[in-house]
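# Structure at a glance
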Amino acid sequence: MERRILFLGPPGAGKGTQAKRLATALKVPHISTGDMLRRSVVLGTELGRQAEAIMAAGDLIPDDLVVSMVIERLEEEDTRHGYLLDGFPRNEAQAVAFDLGMTDRSIELALLIEVDEVELISRLQGRAAELGRSDDNEQTIARRLEVYKEETEPLLSYYPARGVRVIEVDGVGSIDQIFTRIVLLLEEAI
Ligand code: AMP
């Protein structure tokens, strides 16, 4: 059975952690545009050079760059039985371009991890102290939340309007608790 799943949710909701676990359980690749872009920055590629300052500011990389990066990745053999997208599409333009580019291999189901804003900010600040991610400073955190609301939240109505279900998961609790919730919800849905 094909599994083409999108993880949605604000920065700090725990998408990356849960997406990695679920990808392992479903035996499909975890495709995180944030991870791919961070790798390009470290490697100093042309894309990385373009992305670095934009990421540090908490803004979005131009749609065409990200869309072609993801579509190229999805041409690889390991995505044959599905994929788990994390951090892409980030806005409606990316979603439309992806749907057009992927035709019959586009997203089947979206999972929304919900966490309220006060909790998100404290988590992101904690992560900044712990990991030293350059886009986890206070100003960038505020900007990333703003970008999420303006650009990404409209996807919560984009997908249902196209017949793609958005399943909501409570993102407060331990990593194990949240993962169990996700698995139960998916079992009901698939
Ligand atoms: P993330 O790890 O998903 O929080 O992404 C970190 C940063 O990478 C974001 O704040 C953006 O600057 C950039 N980024 C990741 N995914 C996308 C995307 N789909 N479109 C544009 N920019 C992205």
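I will try to describe carefully the structure that is included in this document. (Residues numbered from 1 in each chain as written. Predicted model: local features only at pLDDT ≥ 70, side-chain atom pairs only at ≥ 80, totals over all residues. Heavy atoms only, no water.)

### Some words on the packing of aromatic side chains
Applicable threshold: Each Phe, Tyr or Trp ring, with Trp reduced to its six-membered ring, pairs with another whose centre is within 6.5 Å; inter-plane angles below 30 degrees give stacked pairs, above 60 give edge-to-face pairs, and intermediate values give tilted ones. Helix and strand assignments follow DSSP, with helices taken as H or I runs no shorter than four residues and strands as E runs no shorter than two, numbered in order from the N terminus. Exposed residues in this analysis have more than 50% of their type's maximum accessible area, buried residues have under 20%, and partly exposed residues fall in between, with area computed by a 1.4 Å probe over protein chains only.
If you walk through the whole model with that rule in mind, you get three aromatic pairs. With a centroid separation of 6.3 Å and 85° between ring planes, the pair formed by Tyr83 and Phe98 is classed as edge-to-face. A residue pair is termed long-range when its members are at least 10 positions apart, and Tyr83 in strand E3 (residues 82-86) and Phe98 in helix H5 (residues 92-102) qualify at 15 residues. A relative accessible area of 0% places Tyr83 in the buried class. An angle of 90° between the planes, with centres 4.9 Å apart, marks the rings of Tyr158 and Tyr159 as edge-to-face.

### Topic: the site of the ligand
To be explicit about the condition: To be near a molecule or strand, a residue needs just one of its heavy atoms within 4 Å of it. Pairs of N or O atoms within 3.5 Å make up the polar contacts considered here, provided that, within protein, one atom can donate a hydrogen while the other can accept it, and that residues adjacent in sequence are counted only when both atoms are side-chain atoms. To be clear on the numbers: accessible area is Shrake-Rupley with a 1.4 Å probe, and residue cover counts the displayed protein chains and nothing else.
Among the 16 residues in the neighbourhood of the ligand, the closest are listed as Thr33, Asp59, Gly87, Arg90 and Gln94. Arg38 places a side-chain nitrogen or oxygen 3.0 Å from an oxygen atom of the ligand. Gly87 places a main-chain nitrogen or oxygen 2.9 Å from a nitrogen atom of the ligand. In isolation the ligand exposes 480 Å². Once the protein is present, 95% of that is buried. The element that contributes the greatest number of residues to the shell around the ligand is helix H2 (residues 33-43), accounting for four residues.

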